[in-house]
Amino acid sequence: MAAKKAKLQEQFSEDVAKEGSSQSNASSNIFHGVAIFVNGYTVPSADSLKRMMMMHGGMYHHYQSDKTTHIIASNLPNCKLKQLRTMKVVKPNWIVDSVQEHRLLDYRQYLLYTSRAQARLNFGQSEVESVTVVQGTKTVSENNKSASIIQTDMSTSDVAEEKQLSHATARNATEPNFLSEFYSHSRLHHISTMGALFKQYVTQLREESDGRFPGQKRLREFGTMNNNSQNLSSDRTIMHIDMDCFFVSVGLRDRPHLKGLPVAVTHAKGNIAPSHQRKGVDLAFEMNYYKQKSEIETVSNVDEIDSLSEIASCSYEARKCGLKNGMFLGTALKLCPNLKTIPYDFEGYKEVSYCLYNTVAAFTLDIEAVSCDEMFVDCKDVLRNTCTSPVQFASFLRQEIKDKTGCSASAGFGSNRLQARLATKKAKPDGQFYLEPSMVTNFMLDIVVEDLPGVGRNLTSLLHVMGARTCSDLQRFSQAHLQQEFGVKTGNALYMHCRGKDDRVLSFSHQRKSVSAEVNYGIRFTSQEEATAFLKQLAGEVSSRLKKIKLKGRCITLKLMVRAKEAPIETAKFLGHGVCDHVTRSSTLTTAVADQDTIAREVLSIAKQLSVKPSDMRGVGIQVTRLESDSMSSKFLDRFLLRATRGTQQANSSRAPKEERNTQQTVRASNVGSPVVQNRVSPQQASSNIAPQQEVCTSKGELTSRLQFEISPYEVCDLDEEVLAALPEDIRQEILQTCQSSSNLQVQKDEVVTNMKSPVIEQVDMSLYNSMTVNQVRSLMKEWVSCEDTPQPCDVSMLADYLERQVASRNIDDIILVVRCLYRCVYKKKSGVWQEAYHNIMKKVQDMMLVVYGAKLKLQDTFT
């Protein structure tokens, strides 16, 4: 807390300096020597009072200390009145009036209360004390058993302002302003949101591009002037660009005196003062846990006064001393006693990130954003158009980035994304490296296995046990052996990556897979009511994030961090989560949702099933997956059912006699343009008449386009196409426009008419597995696999959704029939992309199996 107070005071001083430079004419020293602490709700607000002190030479304390000269308050409870009897407690009007008068007024005229000694009355051991509030706000008299409060002279504006939320700092999750304050200061929240922001920003740039790239002209001129006679390869060239020590570099722009020194970005400034150690903390227990988890030997040397604030980024000078990102500050200070710490600058990070992406976008928009400071770029077109080599492009681009941002970047080139990333690792810091195809074989031999994508701590340990520490060691194992040890997907990836091969393509468009909100700090509940209230607030946060990006989701997951049984109640890090067990459970809905009430209801239902004591909760998270566009919810199922219903009409119409055709389902436009529906068809009738095998397979036609239902103006207006074609062009166009406007239909290719509310569709259950029998699903699936060269993501998602719903309905026999049929079809296909699609579908099925049954299906998963 001592370090936190010092940090807050430093931030206040920096803000004062900025205000002084920008508004020097308006500043004064009215409150020189005055240091205030705002206690509770005030009018004007604490933020307004803080700004007044900032502009007029005073100090603002976020926490009361012995250096605080005045307490600012409008109302105080009885206990506070007794505690602050020796302090100068004044009304906020003292600050406001002093600013208006341009001089420091006598605070005694603004005292909130006056204390006077009272004669002791002979009530045994009890002692009567009296406190009278001046200025007509409250009168308080109390003894050891009772207290009475009489409010007088409260203005209407005071009553209105009482209804607003307090601006006081929220210290844990039970306070109303906690979520907003937590997310405004959480580095992990800012990092994750910035990553998603720039992925979306690239998509926006591509949509708004006019196809012109001004940077290519400058690069072409640079290449002409600096021709190094390098031949341009016709192969695909991927660049990986990464800013060097991004957080540190941005922070050093305003601190040039720290360049060349060991610097770290962190919340804390130093270790904990001995006087601020808390009781009940078992530091040795937690440090032993962290040591086992992170395998960092130096973590065991952490003392009780060492700061547990984590280092987000450290300079290369600090890394030479053994520091790493994510290390505890206390441990870092032992390795590097002269370490300099600087605070976060989230606005600065965002500013530099925008500049970085705009600079690269001036050359090409074939960009895959990875994070706010890292990206992959397909350079084939830009190198061909400018007749430059990768080295020339890197030199020119890196210099532009440095000139515009003041921060250095490193770049690596290769034939695929793996080679490019490894080349960047070799190029750092502030360098570039082109891994030419002829160099790949020898280059990969010395790469350690943990540098390969997807190889984390656990997989690294398993590979070390096998004797594979480098790619050279890993290359000794056959593909079949690796697949047997680690599964098909991981084994195949290890076999390819250790040889420098990578078939992962760059993704230039961003599609969200999940939306979540998680809090693992300040979670301290004392009752179920507090936990319930917070879950509702967090559900509201998730709902607002979904609505902001216009998405809905059908799978809601509750994540809890629960204090481990052996863990102490008080954590080493103040209000941190400590040693916890992770509990996760999901609920799948039939329709996609984004509203707070539904999300909260599902989360509370899951929490009730888990039966976790509120006092043991240390972290809470809500995640929504299986996302769909808000405007296109259930689009593909709607298309299928609409087509199925239409197929039923046509089949019945061809068989029924003329006098019975009028009893079939028909949709026609009435005189006023609204559809009229006759004789509704039941879901059983619709499903029984579906004959997917009668569909004609077209090349490269996706499943959903074959199942969609397109309504033409000819059908709606009951027009004969041959007669219409014989009419003059102007008359034909007029008739078509009339039909379109009267029916309110938008005739577009591959688009479903979603605004047509047919009672027939309302009768049909909008889910695939209720509309078809398992044999019909198998027939349609066989046709899909046989006709398509590449499975479309929407089709894969629809089939996975069908199987997941079957798991939820506990139809295991049907699942096995469908999955075995799919496996046989994919096996015959002999296609890698189809095999990957199969594995993606099965992953979702197995995940749902774990949720419903707690076990996985034993199915064939190899295609060798």
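Keep in mind the model is a prediction, meaning the values are calculated, not measured.

J.: Even after reading the chapter, I still don't get the overall build of the protein chain, so can you show me in this structure?
T.: Along the backbone of the protein chain there are 35 helices and 22 strands. A sequence separation of at least 24 residues applies to 70% of the contacts in the protein chain between residues at least 6 apart. Entry remark: accessible area of the protein chain is about 45,400 Å², with carbon and sulfur atoms responsible for 49%.

J.: I would appreciate a short explanation of the packing of aromatic side chains in the present structure.
T.: The relative placement of two aromatic rings is captured by the distance of their centres and the angle of their planes. Applying the stated criterion to the full structure yields 21 aromatic pairs. Between Phe-246 and Phe-247, the aromatic rings sit 6.0 Å apart at their centres with planes inclined by 50°, giving tilted as the arrangement. Considered together, Phe-246 and Phe-247 belong to a single accessibility category, that of buried residues. Ring centres of Phe-247 and Tyr-344 lie 6.3 Å apart, and the angle between their planes is 80°; this geometry places the pair in the edge-to-face category. Here Tyr-344 lies in the loop between β12 (340-342) and α13 (346-361) and Phe-247 lies in helix α9 (residues 246-252), a separation of 97 residues in the sequence. As far as the burial class goes, Phe-247 and Tyr-344 line up, both buried. The rings of Phe-246, Phe-247, Tyr-344, Phe-346 and Tyr-349 are connected pair by pair, giving a single aromatic cluster. Geometry around Tyr-316 places Arg-319 over its ring, the cationic atom sitting 4.9 Å from the centre. Taking the ring centre of Phe-433 as reference, the NZ or CZ of Lys-426 above it sits at 5.6 Å.

J.: Would you explain helix α33 (residues 793-808) in this entry?
T.: Side chains of residues three or four places apart in an α-helix project in the same direction, reflecting 3.6 residues per turn. Here α33 contains 16 residues, and its C-alpha end-to-end distance of 22 Å stays within 8% of the 22 Å for a straight helix at 1.5 Å per residue. Of all 16 residues making up α33, 13 are buried, and the element is well covered by its neighbours. Two residues or fewer past α33, Arg-810 is found with a positive phi of approximately 60°.

J.: Help me out: how do you make sense of the packing of helix α32 (residues 774-787) against α33 in this one?
T.: In a packed pair of helices, the relevant descriptors are the angle between the two axes and the axis-to-axis distance. The contact between α32 and α33 brings their axes to 13 Å, and the two run at 160°. Looking at the two axes, α32 sits roughly antiparallel to α33. With respect to the hand of their crossing, α32 and α33 are arranged in left-handed fashion. Touching Val-774, Val-777, Met-781 and Trp-784 of α32 are Asp-795, Val-796, Leu-799 and Tyr-802, all from α33. The residue makeup of the contact of α32 with α33, split by class, is seven nonpolar, no polar and one charged.

J.: Help me understand the nonpolar core, please; the structure alone is not making it clear to me.
T.: General note: in soluble globular proteins, nonpolar side chains tend to be found buried as a group. In this structure, Tyr-349 and Phe-393 are the most contacted members of the largest nonpolar core, which totals 49 residues. Apart from the residues within four sequence positions on either side, Phe-393 is in contact with Leu-219, Met-239, Phe-363, Cys-379, Val-382, Leu-383 and Phe-413. Grouped together as the second largest cluster of nonpolar side chains are 37 residues, Val-515, Leu-546, Val-593 and Ile-599 included.

J.: Just checking my understanding: could you explain unusual backbone geometry for this structure?
T.: Negative phi characterises most residues that are not glycine, and trans characterises most peptide bonds. A cis amide bond links Val-43 to the next residue, Pro-44, at an omega of 0°. Locating Pro-44 in the fold gives a position in the loop between β1 (35-38) and α2 (46-55). The omega angle of the peptide bond from Lys-428 to Pro-429 is -5°, so this bond is cis rather than trans. Turning to its location among the elements, Pro-429 is positioned in the loop between α16 (417-427) and β16 (432-434).

J.: Before we go on, may I ask you to explain the pairing of strand β17 (residues 514-519) in this structure?
T.: The side chains of a regular strand alternate, first on one face of the sheet and then on the other. By the alternation rule, side chains of β17 split into Val-515, Ala-517 and Val-519, which are all buried, and Ser-514, Ser-516 and Glu-518, of which none is buried. Bridge analysis of β17 against strand β20 (residues 617-629) gives six bridges, and the strand direction is antiparallel. Bridge pairing in β20 places Ala-517 opposite Ile-622.

J.: Even after reading the chapter, I still don't get the sheet that holds strand β4 (residues 89-90), so can you show me in this structure?
T.: Spatial ordering of the open sheet is given by β2-β1-β3-β4, a layout of four strands whose pairing is parallel. The open sheet has two edge strands, β2 (59-61) and β4, and neither has a second partner. Summarising the sheet, β1 and strand β3 (residues 70-72) pair through three bridges and their orientation is parallel. Within the sheet, the bridge partner assigned to Phe-37 lies in β3 and is Ile-71. The sheet contacts of α2 involve β1, β2 and β3, and relative to β1 the element is tilted by about 175°.

J.: Would you mind going over helix α34 (residues 812-829) with me for this structure?
T.: Here α34 contains 18 residues, and its C-alpha end-to-end distance of 26 Å stays within 8% of the 26 Å for a straight helix at 1.5 Å per residue. Considered for burial, the residues of α34 that qualify are Ile-815, Val-818, Val-819, Cys-821, Leu-822, Tyr-823, Cys-825 and Val-826. Where the residues of α34 are buried, they touch α32, α33 and α35 (832-852). In the stretch just after α34, Lys-830 is the one whose phi turns positive, near 55°.

J.: Got a minute to help me understand the sheet that holds strand β13 (residues 367-371) in this structure?
T.: Strands belonging to one sheet form pairs held by backbone hydrogen bonds; the direction of such a pair is parallel or antiparallel. The strand order β13-β14-β9-β15-β16 describes an open sheet built from five strands, whose pairing is mixed. Because the sheet does not close on itself, it has two edges, and the strands there are β13 and β16. On average, each strand axis in the sheet is inclined to that of its neighbour by 15°, with strand direction left out of account. For β13 and strand β14 (residues 374-378), the ladder comprises four bridges, and the chain directions are antiparallel. From the neighbouring strand, Glu-368 faces β14, where its bridge partner is Phe-376. Helix α15 (residues 390-405) contacts β9 (238-243), β15 (409-414) and β16 of the sheet and is inclined by roughly 160° relative to β15.

J.: Help me understand the pattern of salt bridges, please; the structure alone is not making it clear to me.
T.: Opposite charge on two side chains makes pairing possible when the charged atoms of those side chains draw close. Using the criterion set out here, one finds 25 salt bridges in the structure. The salt bridge partner of Lys-402 is Asp-430, with a shortest N-O separation of 3.3 Å. With Lys-402 in helix α15 and Asp-430 in the loop between α16 and β16, the pair connects residues that are 28 residues apart, well separated along the chain. Owing to a relative accessible area of 34%, Asp-430 belongs among the partly exposed residues under this scheme. Of the charged contacts in the structure, one is a salt bridge between Asp-801 and Arg-805, with a shortest N-O distance of 3.2 Å. Pair noted here: Asp-801 and Arg-805 are both in helix α33, with a separation of four residues, about one helical turn.

J.: Before we go on, may I ask you to explain the confidence of the model for the protein chain in this structure?
T.: With 70% of its residues at a pLDDT of 70 or more, the protein chain shows a mean pLDDT of 75. Every residue in residues 115-170 scores below 50 in pLDDT, and together they form 80 contacts with partners more than four places removed in sequence or on other chains. Considering only residues more than four positions removed or in separate chains, one finds that residues 633-648, a stretch of pLDDT under 50, has 50 contacts.

J.: Is there a simple way to explain the side chain of His-61 in this structure?
T.: Position of His-61 among the secondary structure elements: in strand β2. When neighbours within four sequence positions are excluded, His-61 is seen to be in contact with Gln-9, Ala-35, Ile-36, Phe-37, Lys-67 and Thr-68.

J.: Looking at this model, I keep getting lost on the packing of helix α8 (residues 214-225) against α15. Mind explaining?
T.: Interhelical geometry of α8 versus α15 gives an angle of 125° and a closest axis separation of 10 Å. In this view, α8 runs oblique relative to α15, as classed from their interaxial angle. Crossing geometry of α8 relative to α15 is assigned as right-handed. Contacts between α8 and α15 involve Arg-218, Leu-219, Phe-222 and Gly-223 from the first element and Gln-392, Phe-393, Phe-396 and Glu-400 from the second. Looking at the contact of α8 with α15 residue by residue, the class counts come to four nonpolar, two polar and two charged.

Rules of the game
Residues numbered from 1 in each chain as written. Predicted model: local features only at pLDDT ≥ 70, side-chain atom pairs only at ≥ 80, totals over all residues. Heavy atoms only, no water. Helix = DSSP H or I, 4+ residues; strand = E, 2+ residues; numbered from the N terminus. Contact = heavy atoms within 4.5 Å. Areas by Shrake-Rupley, 256 points an atom, 1.4 Å probe, with all protein chains shown as cover. Phe/Tyr/Trp six-rings, centres within 6.5 Å; stacked < 30°, edge-to-face > 60°. Buried < 20%, exposed > 50% of the residue type's maximum accessible area, 1.4 Å probe, protein only. Lys NZ or Arg CZ within 6 Å of the ring centre and 35° of its normal. Expected span 1.5 Å × (residues − 1). Axes fitted to C-alpha atoms, helices over the stretch in contact; angles between N-to-C directions. Parallel < 35°, antiparallel > 145°, perpendicular 65-115°, else oblique. Left-handed = near helix turned anticlockwise from the far one by under 90°. Nonpolar A, V, L, I, M, F, W, Y, C, P; charged D, E, K, R; others polar. Core = buried A, V, L, I, M, F, W, Y, C linked by side-chain atoms within 4.5 Å. Pairing = 2+ DSSP bridges. Salt bridge = Lys/Arg side-chain N within 4 Å of Asp/Glu carboxyl O. pLDDT = per-residue confidence, 0-100.

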